[in-house]
Amino acid sequence: MKIDLRRAAAFHAVARAGGINAAARSEGRSPPSIHADFRRFERDAGVPLAERVGRRLRLTPEGRALYEAIDRALAEVAHAAEQVRSEAPAAVPLRIGCVTGFGRYRLAPRVFRDAERTRRIVFRTGSHDQILDWLGAGVIDLGVTYRGVVAAPIESVPVAEETLWLVGAPDGPPTCEGLSRAPCIAYDEYEYVFGHWFDQVLAAQPPGLAVRDHCNELEEALISARAGRGFTIAPEDAARAFGFAPCGPVARNTLILCGIGNRLASEDARWIAGLAGASG
C-alpha cells in the first residue's frame with residue numbers, strides 16, 4: 001500500500017473525531033475535502049476501514065490497526081518536531097577555524113567564555129591554507145585568517161587587527177644586518193609573518209636568515225626562543241602568553257573572517273567578528 005500522508009491524516013482525524021463533520025471542524029477543512037481524502041485512503045487500503053453505526057463511524061479491525069499505526073507515527077513526528085525546536089542550538093555545532101596564534105590566544109578564549117552553555121562549538125586551528133581547505137570542504141562554517149582572500153566562492157571581511165612582535169632578538173635596536181647574523185627560530189608559515197614585520201619595521205627583509213630551529217607549531221618556536229636559542233616574530237597574544245616583551249618596533253596585521261554563501265551574513269558571523277575585534 002502506497003501511503004499518501006494527507007489522506008492518512010484525514011483518515012486519522014475522522015477516526016479520532018468519529019465522523020466527517022467533526023473531523024472537518026477539528027482540522028479546519030471543509031467536510032467534502034475530508035470525506036474525499038478519507039474515501040481515497042480507504043480505496044488505497046483495498047479494504048473497508050469504517051462502518052456507520054447511527055451517526056458515527058466505527059472502525060473495522062483493519063481500520064483500527066491502521067489508525068493505531070498512524071497515531072504512533074504522528075506522535076513520533078510531533079516528538080521529533082519538539083526536539084528540533086528545543087534542542088537545535090545545542091544539537092548543531094558552530095564550526096570555527098582560525099590561524100593558530102590568533103585562534104589559540106585571543107579568539108578561542110573569548111568564544112568559549114561567551115558562548116551559550118548549551119551551544120556546541122567545534123574549534124580548529126591551522127595554517128591559512130588549511131582554513132581555506134576546510135571552508136571549501138565544508139569542515140568548518142567560518143574561518144579567521146591573516147591574509148586577504150580572493151578565491152571564489154569564499155567571501156571575506158576584515159574583522160580585527162593583531163600586533164606582531166620581534167622576540168628573543170639581540171639587545172639594541174633591530175637592524176636588517178644584525179638580524180641577518182643572529183640565529184632565528186622558524187615555524188610553518190613564518191615567511192609571511194616575518195616578511196610582514198620586516199616590510200613594516202625595516203622596509204625590507206634580509207636576503208638570508210640564519211635559521212637555527214624549525215618547528216611545525218608557533219608554540220614550539222616560542223619555547224625555543226624563550227630558551228635563548230634565537231629570535232622569532234609572533235603575534236602579540238601568543239608572545240605575551242610565553243612571557244615575552246617586544247624587542248623594538250611592532251607591526252600590525254589585519255585578521256579576515258571568511259565564509260561561503262550567506263555565512264558572513266549570519267548571526268554567528270557577527271558574533272565571531274565582535275569577539276575578534278573587541279578590545280581587552
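Attention in this report is confined to the structure presented alongside it.

Calculation rules
- Residues numbered from 1 in each chain as written.
- Predicted model: local features only at pLDDT ≥ 70, side-chain atom pairs only at ≥ 80, totals over all residues.
- Heavy atoms only, no water.
- Axes fitted to C-alpha atoms, helices over the stretch in contact; angles between N-to-C directions.
- Helix = DSSP H or I, 4+ residues; strand = E, 2+ residues; numbered from the N terminus.
- Left-handed = near helix turned anticlockwise from the far one by under 90°.
- Contact = heavy atoms within 4.5 Å.
- Nonpolar A, V, L, I, M, F, W, Y, C, P; charged D, E, K, R; others polar.
- Buried < 20%, exposed > 50% of the residue type's maximum accessible area, 1.4 Å probe, protein only.
- Expected span 1.5 Å × (residues − 1).
- Arc of directions from axis to C-beta.
- Pairing = 2+ DSSP bridges.
- Right-handed = clockwise from strand over helix to strand, strands pointing away.

Some remarks on the packing of helix α1 (residues 5-17) against helix α2 (residues 20-27)
Part 1 of the argument: For the pair α1 and α2, interaxial distance at closest approach is 8 Å and the crossing angle is 115°. Here the hand of the crossing between α1 and α2 comes out right-handed. Residues Ala-13, Val-14, Arg-16 and Ala-17 of α1 form the contact with α2, whose own contacting residues are Ile-20, Ala-22, Ala-23, Ser-26 and Glu-27.
Part 2 of the argument: Of the residues in the contact of α1 with α2, the class split is six nonpolar, one polar and two charged.

Topic: helix α9 (residues 218-226)
Part 1 of the argument: Burial in α9 covers these residues: Leu-218, Glu-219, Ala-221, Leu-222, Ser-224 and Ala-225.
Part 2 of the argument: Summarising the contacts, the buried residues of α9 are in contact with α5 (100-114), β6 (154-167), β7 (183-187), β8 (210-215), β9 (232-235) and α10 (236-241).
Part 3 of the argument: Note on α9: the residue one or two positions beyond its end, Gly-228, has a positive phi of about 85°.

Considering the environment of Ala-227
Part 1 of the argument: Locating Ala-227 in the fold gives a position in the loop between α9 and β9.
Part 2 of the argument: In this structure Ala-227 comes out as exposed when scored by relative accessible area, which is 57%.
Part 3 of the argument: In this structure, the C-alpha to C-alpha distance between Ala-227 and Gln-130, residues 97 residues apart in sequence, is 29 Å.

Describing helix α3 (residues 31-45)
Every α-helix carries 3.6 residues per turn, so stepping three or four residues along brings you back to the same face.
Part 1 of the argument: Taking 1.5 Å of rise per residue, the 15 residues of α3 would be expected to cover 21 Å, and the 21 Å separating its terminal C-alpha atoms lies within 8% of that figure.
Part 2 of the argument: Ile-34, Asp-37, Phe-38, Phe-41 and Glu-42 are the residues of α3 that are buried. Here the buried residues of α3 occupy an arc of 135° about the axis, which is enough to place them on one side. When the buried face of α3 is taken as reference, the exposed residues oriented beyond 90 degrees from it are Pro-32 and Arg-43.
Part 3 of the argument: One or two residues past the end of α3 sits Gly-46, with phi positive at roughly 85°.

Looking at the pairing of strand β3 (residues 94-99)
Successive side chains on a regular strand alternate, one facing one side of the sheet and the next facing the other.
Part 1 of the argument: Of all six residues in β3, five are buried; the element is thus mostly enclosed.
Part 2 of the argument: As judged from the six bridges shared by β3 and strand β4 (residues 121-126), these two strands associate in the parallel manner. Directly across from Cys-98, in β4, lies its bridge partner Thr-125.
Part 3 of the argument: On the question of chirality, the crossover connecting β3 to the parallel β4 by way of α5 is right-handed.
Part 4 of the argument: Across three bridges, the pairing between β3 and strand β5 (residues 142-145) is parallel. Following the sheet pairing, Ile-96 is matched in β5 by Leu-142.

Here's the deal with the pairing of strand β1 (residues 50-53)
Part 1 of the argument: Sheet analysis places β1 next to strand β2 (residues 56-59), joined by four bridges and oriented antiparallel. Bridge assignment links Val-53 to a residue of β2, and that residue is Arg-56.
Part 2 of the argument: Between β1 and β2, which pair antiparallel one after the other, the connecting turn spans two residues, and Gly-54 there sits at a positive phi close to 65°.

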